[in-house]
Amino acid sequence: MIVTGGAGFIGTNFVRHALKNTDYRVVVLDKLTYAGSLLNLKQVENHERYAFEQADIADLDAIEDIYQRYQPDRVVNFAAETHVDRSIDGPEPFVRTNLVGTWVMLEAARRYLRDKNEDEASAFRLLHVSTDEVYGDLDETGLFHETTPYAPSSPYSASKAGADHMVHAYHRTYGLNTIITNCSNNYGPFQFPEKLIPVVILNALEAKDLRIYGDGSNIRDWLYVEDHCSGILKALENGRPGRNYNIGGRNERTNLQIIDRICKLLEKHRPAAENPAMQARGLKQYADLKTFVEDRPGHDLRYAIDADRIREELGWEPKHNFDSGIEHTVKWYLDNLDWCKDIQEEKNYNRERLGTGK
Ligand code: NAD
Ligand code: DAU
């Protein structure tokens, strides 16, 4: 099995999940951008069924060579530029990796399968990991279904939508056995600290402002990362080629609710009253750090996923509820502050505001 983007947040969780729950040899193919690090793969690097290849999914020659050398019957494409804010500041890498890179993964698969017999070609699966953001946003009611028309808002989601169309085209035109999953917001261990949950945890611990875009009423549908990984594996093994599967846990929360919950959990596990950074700012509680800032341009209002298809067809169920998942996540960051420090140093990142488009 080839796992692109396996050195990123969901990828590294999926690699562990696949090594634990299958017999596949897992080859991580990753460019190691700012979002991907071998620090995320330390716990599996000596596993006998694990291998790593540094490569760019937009490099057709390199990808063809990797297919030839590893002869995969499964490919899971996580590799992407994933941060909406960065796509607002600079869309170019999003077009290159998400659009061109996904095309390369498909084209390399098509060429690779030309030399295979019918049975081998029909056993092959390429699962493309996509997002609910391709559907645009919802107002106060309704859910995203697999039949909801694509209406992406940001350069990120537009590049993911384009990639999904190319995946469908390769299925329909060339009969490539592809599957797409469209998931809602993930949270859990190893998320790069540019995204809402980890950036809030780390800024709170250092008594820095907790930036709330707009009025904080935007809603996301949060899923614990392990549940996303189990859904992907189910779709990979039992999903119907040519199909999309939505994945989500029906855990809608406003951004303000998320930030308040993190503040509460930090008060429980690392009280502000005992935090020298908070004392230095003369602040008593983490909630005092909440700061409303200029909104994200084009900010999607609400996401909410109908995951009935994957539940009914494939028997997938999320195992984690939000209360335990978010507490586990906050504790993971508290227990892994060395990882947080190392990854920010390695990537020269200091949690600055991104995505104003200026
Ligand atoms: P991430 O940003 O944490 O990791 C992305 C990984 O892809 C990194 O390891 C990076 O080095 C690698 N990568 C980037 N460009 C590459 C290239 N050109 N060639 C090879 N590798 C490259 O991302 P994530 O949050 O783990 O998301 C993984 C996938 O899941 C993405 O496709 C994303 O669109 C999708 N997704 C994410 C979420 C979420 O909430 N994070 C939700 C739904 C879907
Ligand atoms: O829905 C799935 C998508 O979820 C994935 O496809 C993306 O790859 C992933 O990054 C995520 O996108 P979001 O834009 O929803 O995630 P982010 O963590 O950037 O922001 C979550 C919400 O919090 C969003 O409404 C913007 C807001 N926000 C974000 C940051 C970083 C803030 O208010 N303050 C912040 O500092």
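Up top you'll find the structure we're talking about.
Residues numbered from 1 in each chain as written. Chains lettered and ligands numbered in written order. Predicted model: local features only at pLDDT ≥ 70, side-chain atom pairs only at ≥ 80, totals over all residues. Heavy atoms only, no water.

## What to know about the overall build of the protein chain
- Each helix and strand in the protein chain was counted, giving 13 helices and 13 strands.
- The C-alpha atoms of the protein chain give 20 Å as radius of gyration, which agrees with the globular expectation for 358 residues (21 Å, within 12%).
- Across its three principal directions, the C-alpha atoms of the protein chain cover 70 × 45 × 40 Å.
- Taken across its 358 residues, the protein chain has 57% of its residues classed as buried.
- Long-range contacts, defined here as pairs at least 24 residues apart, represent 82% of the contacts in the protein chain between residues at least 6 apart.
- For the protein chain, the accessible surface area stands at approximately 15,100 Å², while carbon and sulfur atoms represent 46% of it.
- Averaged over its 44 positive side-chain charges, the protein chain has a centre that lies 2 Å from the centre of its 56 negative ones. (Helix = DSSP H or I, 4+ residues; strand = E, 2+ residues; numbered from the N terminus. Rg over C-alpha atoms; globule rule 2.2 N^0.38 Å. Buried < 20%, exposed > 50% of the residue type's maximum accessible area, 1.4 Å probe, protein only. Contact = heavy atoms within 4.5 Å. Areas by Shrake-Rupley, 256 points an atom, 1.4 Å probe, with all protein chains shown as cover. Lys, Arg positive; Asp, Glu negative; His and termini not counted. Charge placed at Lys NZ, Arg CZ, Asp CG, Glu CD.)

## Let's talk about the layout of surface pockets
- A volume near 450 Å³ is recorded for the second largest pocket.
- Lining the second largest pocket are 18 residues, with H17, K20, N21, E226 and S230 positioned closest to its centre.
- Those elements giving two or more residues to the lining of the second largest pocket turn out to be helix 1 (9-21) and helix 8 (225-238).
- For the lining of the second largest pocket, a count of residues per class yields four nonpolar, seven polar and seven charged. (1 Å grid on protein atoms, 1.4 Å probe; cavity = no way out; pocket = protein on both sides within 12 Å on 5 of 7 lines; lining within 4 Å. Points joined across faces, edges and corners; volume = space filled by probe spheres on them. Nonpolar A, V, L, I, M, F, W, Y, C, P; charged D, E, K, R; others polar.)

## Quick word on the environment of K331
- Along the chain, K331 turns up in helix 12 (residues 322-335).
- K331 sits in the partly exposed class, given a relative accessible area of 38%.
- Separated by 103 residues in sequence, K331 and H228 place their C-alpha atoms 20 Å apart.

## Side note on helix 2 (residues 60-70)
- Among the residues of helix 2, L60, I63, I66, Y67 and Y70 are the ones counted as buried. Down the axis of helix 2, the smallest arc covering the buried residues is 125°, so these residues share one side.
- Packing partners of the buried residues in helix 2 comprise strand 1 (2-4), strand 2 (26-30), strand 3 (50-54), strand 4 (74-77), helix 4 (92-114) and strand 5 (125-131).
- Of the residues trailing helix 2, Q71 is marked for its positive phi of about 50°. (Arc of directions from axis to C-beta.)

## Section: unusual backbone geometry
- At L32, a residue that is not glycine, the phi angle is positive and equals roughly 60°.
- Within the element layout of this structure, L32 appears in the loop between strand 2 and strand 3.
- Positive phi is not limited to glycine here, since Q71 has a value of about 50°.
- In this structure, Q71 sits in the loop between helix 2 and strand 4.

## Section: the site of ligand 2
- What surrounds ligand 2 is a group of 23 residues, the closest being T131, D132, Y156, R296 and H299.
- T82 is positioned with one of its backbone polar atoms (N or O) 2.8 Å from an oxygen atom of ligand 2.
- Against a free-state accessible area of 690 Å², the protein chains account for coverage of 93% of ligand 2.
- Those elements that place two or more of their residues in the shell around ligand 2 are helix 7 (196-205) and strand 8 (210-213).
- In terms of residues, the shell around ligand 2 owes the most to one element, strand 8, which gives three residues. (Near = heavy atom within 4 Å. Polar contact = N/O pair within 3.5 Å; in protein donor to acceptor, adjacent residues only side chain to side chain.)

## Quick notes on the packing of aromatic side chains
- A full pass over the atoms with the stated rule returns 18 aromatic pairs.
- A ring pair is formed by Y67 and Y112, whose centres lie 5.3 Å apart and whose planes are at 50°; its orientation type is tilted. On the criterion of sequence distance, the pair formed by Y67 in helix 2 and Y112 in helix 4 is long-range, its members being 45 residues apart. Comparing Y67 with Y112 shows no difference in burial state: the two are buried.
- Between Y187 and F322, the ring centres sit 5.4 Å apart and the planes meet at 65°, which makes this aromatic pair edge-to-face. Separated by 135 residues along the polypeptide, Y187 in strand 7 (residues 186-187) and F322 in helix 12 bring together distant segments of the chain.
- Here the aromatic cluster, defined as three or more aromatic residues joined through ring pairs, consists of Y135, F144, Y150 and Y303.
- Lying over the aromatic face of Y174, R110 brings its terminal NZ or CZ to 4.3 Å of the ring centre.
- The ring of Y213 has R353 lying over it, and the distance from NZ or CZ to the ring centre is 4.0 Å. (Phe/Tyr/Trp six-rings, centres within 6.5 Å; stacked < 30°, edge-to-face > 60°. Lys NZ or Arg CZ within 6 Å of the ring centre and 35° of its normal.)

## Quick word on the pattern of salt bridges
- Scanning the entire structure with this criterion turns up 24 salt bridges.
- A salt bridge links D56 to K31, with the nearest nitrogen and oxygen atoms 3.6 Å apart. Residue D56 is located in the loop between strand 3 and helix 2, and its partner K31 is located in the loop between strand 2 and strand 3; the two are separated by 25 residues in the primary sequence.
- Take D56: its relative accessible area is 15%, and that puts it in the buried class.
- You can call K31 partly exposed: its relative accessible area is 39%.
- Across the pair R111 and E107 runs a salt bridge whose closest N-O atoms are separated by 2.8 Å. Placement of the pair is R111 and E107 together in helix 4, with a separation of four residues, close to one helical turn.
- For R111, a relative accessible area of 28% puts it in the partly exposed group.
- Of the residues examined, E107 reaches a relative accessible area of 4% and is grouped as buried.
- Counted as one network, the salt bridges with shared partners bring together E64, E107, R110 and R111. (Salt bridge = Lys/Arg side-chain N within 4 Å of Asp/Glu carboxyl O.)

Just geometry here; none of it tells us what the structure is for.
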